[in-house]
Every structure is written in structure tokens, then in C-alpha cells.
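Inside the fold
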Amino acid sequence: MDEKISIIMPSYNYAKYIREAIRSVINQTYTNWELIIIDDASTDHSLDIIEEYLHDTRIKLIINDKNLGLAVTLKKGIEFAEGKWIAFLECDDMFYPLSLEKKMEAAKNGADVIFTAVEGFQDKQKIEKYKKHVEDINKYIVKLNKSKFIPNFKDIVYKTNIIPTFSALMIKKELLQECKFNPLCKSALDYYLEAQLCFHKFYYIHEELTRWRLHSDSYLNRDKNSWLIKFLFSISIYKETIKDKNAFTRFFVLTNWIRRKIIYISTNNSRLKISLFNNQIIFVI
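Thresholds, definitions, all that
- Residues numbered from 1 in each chain as written.
- Predicted model: local features only at pLDDT ≥ 70, side-chain atom pairs only at ≥ 80, totals over all residues.
- Heavy atoms only, no water.
- Salt bridge = Lys/Arg side-chain N within 4 Å of Asp/Glu carboxyl O.
- Helix = DSSP H or I, 4+ residues; strand = E, 2+ residues; numbered from the N terminus.
- Buried < 20%, exposed > 50% of the residue type's maximum accessible area, 1.4 Å probe, protein only.
- Phe/Tyr/Trp six-rings, centres within 6.5 Å; stacked < 30°, edge-to-face > 60°.
- Polar contact = N/O pair within 3.5 Å; in protein donor to acceptor, adjacent residues only side chain to side chain.
- Contact = heavy atoms within 4.5 Å.
- Pairing = 2+ DSSP bridges.
- Right-handed = clockwise from strand over helix to strand, strands pointing away.
- Patch = residues over 30% accessible without salt bridge, like charges linked within 9 Å, V, L, I, M, F, W, Y side chains within 5 Å.
- Areas by Shrake-Rupley, 256 points an atom, 1.4 Å probe, with all protein chains shown as cover.
- Arc of directions from axis to C-beta.
- Expected span 1.5 Å × (residues − 1).
- Axes fitted to C-alpha atoms, helices over the stretch in contact; angles between N-to-C directions.
- Parallel < 35°, antiparallel > 145°, perpendicular 65-115°, else oblique.
- Left-handed = near helix turned anticlockwise from the far one by under 90°.
- Nonpolar A, V, L, I, M, F, W, Y, C, P; charged D, E, K, R; others polar.
- pLDDT = per-residue confidence, 0-100.

Under the criterion given, the structure shown has 15 salt bridges. Linking Asp 2 and Lys 108 is a salt bridge whose minimum nitrogen-to-oxygen distance equals 3.3 Å. One end of the pair, Asp 2, is in the segment before strand E1 (5-11); the other, Lys 108, is in helix H4 (residues 99-108), and 106 residues separate them in sequence. With relative accessibility at 39%, the residue Asp 2 sits in the partly exposed group. According to the relative accessible area criterion, Lys 108 is exposed, its value standing at 59%. Where salt bridges share partners, they join Lys 4, Glu 34, Lys 60 and Glu 82 into one cluster.

Below, the structure is given as C-alpha cells:
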């Protein structure tokens, strides 16, 4: 029998979207799944919608008595999961029907962490920004132009996050249970997990199997952080990628990486600009 996939769906005040998310799971061609919805004390009518689908015994609902945040909510879902594999679906996103089937094919080929291409939709301006991000990744880091294992993921993840949304990911449960869930930037939990898993086998599926809803009310846009918190978070990401280096190499590489991150010098119209964290201007001549 095919292995069970546990889909974790955190829910918080997305009543206007969650029905589409749940139905996209029900419509999967791969049927050995369970959907664990953890409602983080929603104040809208999300629970009323979720309860409409509980007649399907594969769908389970956990309700937090108070708002605990994304990290605690996801950990709770993982603890309840029965499957060997954990897939994530944010309640404002959707799976295409072949999403789980294609991911399981990659899992059978020896992958530990699987992610897919995504289709951004809704906010046209944000979609264009995402497309530019993909172009930069393809040009400077890795060609994401076909399905493949990415053996150098540790050399990619500290530069940028090439996986745009939790909803594109499927990970072995046993690996997730070893991870820390305490990122400095709360909205970047997925990025923090990817960095911790970077020495395992990452597989990319070059098919848009997830619909990623880009909108101003997303969790990503709610979490605002200072440049210092972002900088310290970047260091924490880098730290996870250097576990195989000796102390001297770590010090040398980290020192140079910090220098590149913390000071950025550019010239424009014969003026010199010095910036912190690539965007905080501190000096212009």
C-alpha cells in the first residue's frame, strides 16, 4: 500500500480562502492522505467551513484555545501526524490534483525534501516581483529548468530562499522532528527549516503543482522586522550551512560573508553611497 502523506494546514482567519484549499486536497489523485487542520483561535467563521468537511474521516481538526502562532501550530500538527511524509498547505493556497502523486514519485526515488514549482496568482504586482525573483535565481544560482536532485542545496540556501512557499514542500516526518522551530523572523519559518535540512537530499519538481495566492493580507506581509533582526536571521541561516567546515574555515568564510552583507558600497552620478544590509543608507557623499 502507498505510504500515507500527512498534510498540515494551519488556519487563522482565512474563511474566505480555506474552502478552496480543503477542496484542492479532496481532489488529489493520490488518495492515501490525511489532512490535519489546526485552527489557531480564528475569530471569523473559518471553523464553520472546516466542520462542513469533517464527514471525510481523512480530515481532522485541532483547535487551539488561544492564538499560539505559526511555529507552535505547525509543531502540534506534526505531532498528530500519522504519515511518514509531511506536506504543507497554507489555507490561502491550493494544490493542483497531481500534486501529492508527483511528490510521492520523487519520494520513491530517494528524496528527503521535495519541492515544486508554483503558480502565483491574484495580486499582479506581487506576481511580477516573484517572477523577477525566479529569474535572478536561475541566472545567478541554479537553473530550475527541469526536475532534478539539487546536491549543492547548502551552497544555495544561505544566499536566498528558492522555495517561495510552505505549500510547495513535502518532507520526511522524522527529519522535521529534529528541527528547531524558533526563527528570529517568524514569517520565514519555512526558510529556517530548509536551512536546517540543507544536507539532506532535496528534489525539485519542475511542474507548477501549487497555486500560491499572493495578496497583501498574507502571513508574510503581517510580520515586520527591523533590518537588524533580518541581518541576525541571515546569520542564523548561514550558520546552519557550515556544519561540515573546521573552525578556521568557518571564521574566515563567516567574516567575509558578514562584511559583504553588512556594508554595501555603490556609486551613482559621481556620488558614493554606503549602506547597511544592502538597503539601509548610512552615508552619501
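On to the packing of aromatic side chains. Within this structure, the stated rule accounts for 10 aromatic pairs. Here the aromatic rings of Tyr 130 and Trp 212 are separated by 5.1 Å at their centres, their planes lie at 85°, and the arrangement is edge-to-face. Of this pair, Tyr 130 sits in helix H5 (residues 124-140) while Trp 212 sits in strand E9 (residues 202-214), and the two are 82 residues apart along the sequence. Trp 212 sits in the buried class, given a relative accessible area of 13%. Between the aromatic rings of Phe 153 and Phe 202, the centroid separation amounts to 3.7 Å while the plane-to-plane angle is 10°, which identifies the pairing as stacked.

Bringing the side chain of Asn 161 into the picture now. Following the sequence through the fold, Asn 161 ends up in the loop between helix H6 (153-157) and strand E8 (169-172). A distance of 3.0 Å separates the side chain of Asn 161 from the backbone nitrogen of Ile 163, its partner in a polar contact. Setting aside anything within four residues of it in sequence, one finds Asn 161 in contact with His 133, Ile 137, Asp 190, Tyr 191 and Glu 194.

Now for the pairing of E1. Where burial is concerned, most of E1 is hidden: 7 out of the 7 residues are buried. Because side chains alternate across E1, one face comprises the buried residues Ile 5, Ile 7, Met 9 and Ser 11, and the other comprises Ser 6, Ile 8 and Pro 10, equally buried. Strand direction decides the pairing type here: E1 and strand E2 (residues 33-39), joined by 7 bridges, are parallel. In the sheet register, Ser 11 faces E2, and the bridge partner there is Asp 39. With helix H1 (residues 15-26) bridging E1 and the parallel E2, this β-α-β connection has right-handed handedness. With 4 bridges joining them, E1 and strand E4 (residues 85-88) adopt parallel strand pairing. When the sheet's bridge partners are listed, Ile 8 is paired in E4 with Phe 88.

Of the two faces of E8, the one lined by Leu 169 and Ile 171 and the one lined by Met 170 and Lys 172 are each fully buried. With 3 bridges connecting them, strand E6 (residues 113-122) and E8 associate as antiparallel partners. Looking at E8, one finds that Ile 114 is bridged to Met 170.

Our next topic: a nonpolar patch on the surface. On the surface, Leu 184, Leu 228 and Leu 232 cluster together into a nonpolar patch covering about 240 Å² of accessible area. Assignment of secondary structure puts Leu 228 in helix H10 (residues 227-240).

This part takes up H4. Buried within H4 are the following residues: Ser 99, Leu 100, Lys 103, Met 104, Ala 106 and Ala 107. Angularly, the buried residues of H4 cover 155° about the axis, an arc narrow enough to put them on a single face. Immediately downstream of H4, the backbone of Gly 110 shows phi near 105°, a positive value.

This part takes up H10. In this model, H10 (14 residues) spans 20 Å end to end at C-alpha, consistent with the 20 Å of a helix rising 1.5 Å per residue. Within the sequence span of H10, burial applies to Phe 231, Phe 233, Ser 234, Ser 236, Ile 237, Tyr 238 and Glu 240.

It is the contact of helix H8 (residues 189-196) with H10, at a shortest axis distance of 8 Å, that shows an interaxial angle of 25°. Considering the angle they form, H8 stands roughly parallel to H10. H10 is crossed by H8, and the crossing has left-handed handedness. Where H8 approaches H10, its residues Tyr 191, Tyr 192, Ala 195 and Gln 196 are matched on the opposing element by Phe 233, Ser 236, Ile 237 and Glu 240. Looking at the contact of H8 with H10 residue by residue, the class counts come to 5 nonpolar, 2 polar and 1 charged.

Bringing the confidence of the model for the chain into the picture now. Per-residue pLDDT for the chain has a mean of 86; in total, 82% of the residues score no lower than 70. Long-range and interchain partners of residues 280-285, a stretch whose pLDDT sits below 50, account for 18 contacts in this model, where long-range means more than four residues apart.

What follows deals with the environment of Lys 124. Secondary-structure assignment places Lys 124 in helix H5. Sequence separation of Lys 124 and Leu 214 is 90 residues, and the distance between their C-alpha atoms is 8.3 Å.

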